[in-house]
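Each chain, letter by letter, is given below.
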Amino acid sequence: MERAISGLGAAAGVAVGAAWPIHPLSAVARTAGSPGNERTALTDAIQAAAAAINALAAAQAGEAAEMLGFQVAMLEDEALAEGAFAAIAAGMPAHQAWAAALDAEIAGYLAADDPHFRARSSDLADIRDRVLRHLFGLGAVAIRSGDVIVAEDLQPSQFLAVDWSKGGGVALGAGSPTSHVATLARARSVPMVVGLGPSWTTLSGIVAVDGDAGRVIIAPSAATLAETEQRSAARKTATRQAEHRRLEPAVTRDGTRIAVSINVSGVEDIAGFAAESCDGIGLARTEFLAGDALDDEERQFGLYRALVRWADGRPVTIRTLDAGGDKPIPGYTVEDESNPFLGLRGIRLSLRHPDRFGVQLRALARAAADGPVRIMLPMVTRQDEIDAAGRLLDQATAELQAAGLAHARPPLGIMVEVPALAFAIGDIRADFLSIGSNDLTQYAAAAARDNPAVSAYADTLHPGVLGLIAHVARHGSAGGRSVSLCGDAGADPRSIPALLRAGLRSLSVPPGLVAATKEAIRAVDLSEERGHEP
Ligand code: PEP
Ligand code: MG
């Protein structure tokens, strides 16, 4: 019998597929057998995990294949499990023995002087959990294309590991429409419902994720399936019509030209997307650089240069690492902060790791030799952070000069996400500004972006938040500085009229939403409206 569970729509559209549950390891129990049985159980789990990773590696190339190869090599190295087998012989259950052995190994990697070793710790944590999943009988995390992931919550890295090109959706017990993983889902047009509460565990069999209505339907009837199919078709038609005009500029009814740039989280986001349909890259998130790449200047340089070459002369705004908050990077971000959103995040963390920050700044300055790169700092609160980053950028360019490597010093701009900075914007010296409405809203409205219980408070249209945006648009543009907005509100048709009335003339949105954003802009008539007063 069909039944529905209500949550919050986080990414529009409908997806029908088999529920693929990902249970958190903390939620399952396991009964241990004799030492002999436990030894066999661990041996089998290690072999199963290695086989699963090998299968995954066969479908990957480049960095991903290299990372998976490292994981298989580790699993095949008998020394890795030696300590666990000794503990099992002494009577410890296999899962405890394996977790303890791997935790010790991870601690060793984290304490290493060599940053490459430290970066490998997240790969080891992944191996630990994969083997534990097999021990607990939970299987691999990899899902079949077209399935619906159902879970308590999902890490951005888990989302990115899935091939969404053949469809599929996500239904989460926790999560929030403004979380990072929800942003990724919208960018890739993967229907997502969050905040379902504990009843997410009852999702099984065929389910329909309705991201428009914010609900998940279990065992959908033939009538529901037909209606879903119809809506998908209507959605495709509207998308096709908007796509038709995607290459045309976005101009309001009264003739005001609005720049529409794109947000990307990696080079795969621009594959197949024509640079002519946008005004450049307004936000390149670089948190995908987890692992080895954090300390690998050549690899970063290659990735940044790929963005610059794709943009073909259009501005490319690349944000330095915004690790922390909803974007943890294992082995780098601080664990166990009481409130990670108010902790060592973004530029605060980068300035505490000047060597690692220097790697990124050098790679960015080198890519700037190929085209108009702009460096953007996340989570800025004070002028001295911008000044410190500027000095490190000077140092980076001096090092490149000494090494005889081609480079340029890019403009240094900031995200406006912290309300105190937004209020003080007239006195802040930075080359350009981009409003991060996701964080600005959560900090101004005191509503965590990952907490579904307060998502109604996290409203960019709140007069107080809009007032801050209008203030930044007006006072930030003094001296000809460009002011843009790159949070999710920029691609939300309900918010676009208010953002333009607040004075913004530049928005940056996920590639998949450029066409719809331009259509929403074309429907606005600014001559009819009074400007929003700060
Ligand atoms: C924002 O905060 O609005 C933003 C664009 O940054 P992120 O979502 O990556 O934190
Ligand atoms: Mg942000």
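Conventions we followed
- Residues numbered from 1 in each chain as written.
- Chains lettered and ligands numbered in written order.
- Predicted model: local features only at pLDDT ≥ 70, side-chain atom pairs only at ≥ 80, totals over all residues.
- Heavy atoms only, no water.
- Pairing = 2+ DSSP bridges.
- Helix = DSSP H or I, 4+ residues; strand = E, 2+ residues; numbered from the N terminus.
- Axes fitted to C-alpha atoms, helices over the stretch in contact; angles between N-to-C directions.
- Donors = N, O, S within 2.8 Å, 3.2 Å for Na, K, Ca; no water.
- Buried < 20%, exposed > 50% of the residue type's maximum accessible area, 1.4 Å probe, protein only.
- Left-handed = near helix turned anticlockwise from the far one by under 90°.
- Contact = heavy atoms within 4.5 Å.
- Core = buried A, V, L, I, M, F, W, Y, C linked by side-chain atoms within 4.5 Å.
- Domains from an automatic or database assignment.
- Near = heavy atom within 4 Å.
- Polar contact = N/O pair within 3.5 Å; in protein donor to acceptor, adjacent residues only side chain to side chain.
- Areas by Shrake-Rupley, 256 points an atom, 1.4 Å probe, with all protein chains shown as cover.
- Nonpolar A, V, L, I, M, F, W, Y, C, P; charged D, E, K, R; others polar.
- Buried area = accessible area lost by both parts, 1.4 Å probe.
- Salt bridge = Lys/Arg side-chain N within 4 Å of Asp/Glu carboxyl O.
- Expected span 1.5 Å × (residues − 1).
- Arc of directions from axis to C-beta.

Chemist: So what exactly am I meant to see when it comes to the sheet that holds strand E4 (residues 148-151) here?
Modeler: Through backbone hydrogen bonds, the strands of a sheet pair up, either in parallel or in antiparallel fashion. What the eight strands build is an open sheet, ordered E1-E8-E7-E3-E4-E5-E6-E2; its pairing is mixed. At either end of the open sheet lies a strand with only one pairing partner, and these are strand E1 (3-6) and strand E2 (8-11). Neighbouring strand axes in the sheet, compared pairwise and without regard to direction, differ in orientation by 30° on average. Bridging between E4 and strand E5 (residues 169-172) involves four bridges; their strand directions are parallel.

Chemist: Even after reading the chapter, I still don't get the coordination of the magnesium ion (ligand 2), so can you show me in this structure?
Modeler: The expected angle between donors at a tetrahedral four-coordinate metal is 109.5 degrees. At an octahedral six-coordinate metal it is 90 or 180 degrees. Around the magnesium ion (ligand 2), the protein supplies Glu417 (OE) and Asp439 (OD) as donor atoms, at distances of 2.0 Å. A residue pair is termed long-range when its members are at least 10 positions apart, and glutamate 417 in the loop between strand E14 (412-416) and helix H13 (419-423) and aspartate 439 in helix H14 (residues 437-444) qualify at 22 residues. Note on accessibility: glutamate 417 and aspartate 439 belong to one class, buried.

Chemist: Explain the packing of helix H11 (residues 354-367) against helix H12 (residues 383-403) to me, please; I cannot follow it from the model alone.
Modeler: Each pair of packed helices can be summarised by the angle the axes make with each other and by the distance between the axes. Running from amino to carboxyl end, H11 crosses H12 at an angle of 65°, the nearest separation of the two axes being 9 Å. The hand of the H11/H12 crossing is right-handed. Packed against H11, whose contacting residues are Pro354, Phe357, Leu361, Arg362, Ala365 and Arg366, the element H12 presents Ala389, Leu392, Leu393, Ala396, Thr397, Glu399 and Leu400 at the interface.

Chemist: Which parts of the structure should I look at to understand the nonpolar core?
Modeler: Looking at soluble globular proteins, one finds that nonpolar side chains tend to be buried together. Formed by 83 residues in total, the largest nonpolar core has its most connected members in Ile262, Trp310, Leu377, Ile414, Ile435 and Ile469. Taken domain by domain, this core gets at least three of its residues from each of domain 3 (245-258 + 413-534) and domain 4 (280-410). For tryptophan 310, the residues in contact, after removing those within four places along its chain, are Ile262, Ile270, Phe273, Ala274, Ala275, Cys278 and Ile281. Of all hydrophobic cores here, the second largest spans 33 residues; its members include Leu80, Ala84, Ala125 and Leu135.

Chemist: Even after reading the chapter, I still don't get the site of ligand 1, so can you show me in this structure?
Modeler: Looking at ligand 1, there are 15 residues lining it, with Arg285, Lys327, Gly436, Asn438 and Arg449 nearest. Measuring from an oxygen atom of ligand 1, one finds a backbone N or O atom of asparagine 438 at 2.7 Å. When isolated, ligand 1 has an accessible area of 290 Å², and the protein chains bury 100% of it. With three residues, the single largest contributor to the shell around ligand 1 is H14. When the residues that make up the shell around ligand 1 are grouped by side-chain class, the tally is three nonpolar, four polar and eight charged.

Chemist: Whenever I open this one, the domain arrangement of the protein chain confuses me. Can you help?
Modeler: Interface extent is often summarised as the accessible area lost during association of the parts. The domain boundaries assigned to the protein chain delineate domain 1 (3-24 + 141-240), domain 2 (29-135), domain 3 (245-258 + 413-534) and domain 4 (280-410). On a C-alpha basis, the centres of domain 3 and domain 4 stand 23 Å from each other. Interface of domain 3 and domain 4: buried area, both sides summed, is about 1800 Å²; carbon and sulfur atoms make up 53% of it. Ranking the residues of domain 3 by area buried against domain 4 places Met415, Phe432 and Tyr443 at the top, with a combined share of 28%. Counting across the domain 3 and domain 4 interface gives three salt bridges. For arginine 449, the salt bridge identified is with aspartate 326, shortest N-O distance 3.2 Å. Among the elements that make up the side of domain 3 that touches domain 4, the one with the highest residue count is H14 (four residues).

Chemist: What's the story with helix H3 (residues 78-89) in this structure? I'm lost.
Modeler: Residues lying three or four places apart along an α-helix face the same way, a consequence of the helix completing one turn every 3.6 residues. The first and last C-alpha atoms of H3 sit 16 Å apart over 12 residues, in line with the 16 Å expected at 1.5 Å per residue. Of all the positions in H3, only Leu80, Ala81, Ala84, Phe85, Ala87 and Ile88 are classed as buried. The arc that holds the buried residues of H3, viewed along the axis, is 160°, so those residues lie on one side. The exposed set on the far side of H3, more than 90 degrees from its buried face, consists of Glu78, Glu82 and Ala89. Measuring from the backbone nitrogen of alanine 79 back to the side-chain oxygen at the start of H3 gives 3.0 Å, which picks out aspartate 77 as the cap. Immediately beyond the C-terminal end of H3, within one or two residues, lies glycine 91, with a positive phi of roughly 105°.

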